[in-house]
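Structural description and commentary
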Amino acid sequence: MIRRATLSLNYVTKLKQSILNNLIDEYLSFMQKCINTLWNHNIFEGSFVPKKYYLHIRTSLTERYKQCAAKQALQNVKSQRKRTKKTKPVICKATLELDQRFAQIKKGNNTFDLWIKISILGGRPIYLPTKRHHHFNSFYNKGWELLKSCRLRRTKQGFFLDVFFEKQLPPIRKLGEMVGLDLGFRKLAVISDGQIVGGTLKQEIERFYRRKKSHLIIKEHINSELKKIDFTRIRVLVIERLRDVKKGRSKKARKYKKKRRNRYTNRLLSHWAYRHACTKLELLCEENRVFLIEVYPYWSSQVCHKCGSRGIRRDEKFVCPACGYKGDADYNAACNIRDRGLSLGVYGPQSSNYFPLVPVVSMEEV
Ligand SMILES: [Zn+2]
């Protein structure tokens, strides 16, 4: 399991800032030229770039930096090739993937408790002061291993260094139940074991989506709500596979945007929030050693989970005319999702995720 922490490098002097700017500009322009060459020569394989492809590029980068930038260029090109629409990558974010040869983290003993040593183009390395923070310490002091590669970024807000921590995880859980989880906006998450979190998500979005940093507020709200899920009795979590998010940006949607901006923004935000919640759930499952599976998303809220026939959904209520079941619509959807997970046969030996079937026991009985 790998987690990221970001250190701010905004305590540096003007001189060091200009040195950093210089380095980043040179690096990025070299990388873009490298991408162009690789793209023209159809090189989309391998893990490092032979020297002959960047010998002709004029730059003041050192040999080591050239290797590093070329490698990053190759990664860029490779990831672009995996897409369906293949266009030559153009660098727009100032991000440098550095390893320990270029950046090292040192302990400090004055007001700054960390110093970042960065090699520059010619001359001695520079030292950039930074401060630890709560998020960094939560890994640093708790037995996580600090990885040697890091990421230097330049944004509108200044310079940042992303560092990564790694921890070996215990094996995946073998006791507990399989549950389904339904994500929504009236209630953020409803689980088939009866848990409900984030009952006020819709109100939060309505309250904040006009603000400048609305997405940050909503992100934080989603994170803190999803953290409340009690995983102690859960062994496998089933969620719906993400619906097509791009639909929101079709031609129709653009027209829609001109006419009714508010509803459009609201809709995009809710799409985005859905995606964000999925990613957060993945992380939580990894931390709690819960197995996560995805099932197809259609009809889960229309079908009755007791008898399988189509029911009537009105807002938060679900009624089944065939068997007379009445209940919460989201809870019904969560049960349907769980049943789909059960029918997938994740426990079967033919599945790549096979682990031996253990009788479902609650944690207290162990
Ligand atoms: Zn029914």
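The notes below deal with the structure included here. The structure displayed is predicted, hence computed values, not measured ones.

Procedures and definitions
- Residues numbered from 1 in each chain as written.
- Predicted model: local features only at pLDDT ≥ 70, side-chain atom pairs only at ≥ 80, totals over all residues.
- Heavy atoms only, no water.
- Helix = DSSP H or I, 4+ residues; strand = E, 2+ residues; numbered from the N terminus.
- Buried < 20%, exposed > 50% of the residue type's maximum accessible area, 1.4 Å probe, protein only.
- Contact = heavy atoms within 4.5 Å.
- Areas by Shrake-Rupley, 256 points an atom, 1.4 Å probe, with all protein chains shown as cover.
- Axes fitted to C-alpha atoms, helices over the stretch in contact; angles between N-to-C directions.
- Parallel < 35°, antiparallel > 145°, perpendicular 65-115°, else oblique.
- Left-handed = near helix turned anticlockwise from the far one by under 90°.
- Nonpolar A, V, L, I, M, F, W, Y, C, P; charged D, E, K, R; others polar.
- Patch = residues over 30% accessible without salt bridge, like charges linked within 9 Å, V, L, I, M, F, W, Y side chains within 5 Å.
- Salt bridge = Lys/Arg side-chain N within 4 Å of Asp/Glu carboxyl O.

On to the overall build of the chain, then. Each helix and strand counted, the chain has eight helices and 15 strands in total. Across the 366 residues in the chain, those meeting the buried criterion constitute 41%. Taking as baseline every contact in the chain between residues at least 6 positions apart, the subset at least 24 positions apart corresponds to 66%. Accessible surface computed for the chain: about 21,900 Å², of which carbon and sulfur atoms make up 50%.

This part is about the environment of Leu344. When you line up the elements, Leu344 lands in helix α8 (residues 329-344). Considered as a pair, Leu344 and Ile293 are 51 residues apart in the sequence and their alpha carbons are 9.4 Å apart. Not counting chain neighbours up to four residues away, the residues in contact with Leu344 comprise Ile293, Glu294 and Val295.

This part covers unusual backbone geometry. Even without a glycine there, the phi angle at Asn42 is positive, about 55°. With respect to the helices and strands, the residue Asn42 is situated in the loop between α1 (14-40) and α2 (63-81). Here the phi dihedral of Arg289 falls at roughly 60°; this positive angle occurs in a residue that is not glycine.

Let us look at the packing of helix α4 (residues 201-208) against helix α5 (residues 214-226). Their axes nearest at 9 Å, the elements α4 and α5 cross at an angle of 165°. Relative to α5, the element α4 lies roughly antiparallel. Crossing of α4 over α5 shows right-handed handedness. Contact with α4, carried on its side by Leu201, Glu204, Ile205 and Phe208, involves Ser214, Ile217, Ile218, His221 and Ile222 of α5 and no other residues of that element. Within the contact of α4 with α5, the residues separate by chemical class into six nonpolar, two polar and one charged.

Bringing a nonpolar patch on the surface into the picture now. A grouping of Tyr296, Tyr298 and Trp299 is seen on the molecular surface, where their side chains present a nonpolar patch of about 400 Å² in accessible area. Following the sequence through the fold, Tyr298 ends up in the loop between β12 (291-295) and β13 (312-314). The exposure class assigned to Tyr298 is exposed, which follows from its relative accessible area of 54%.

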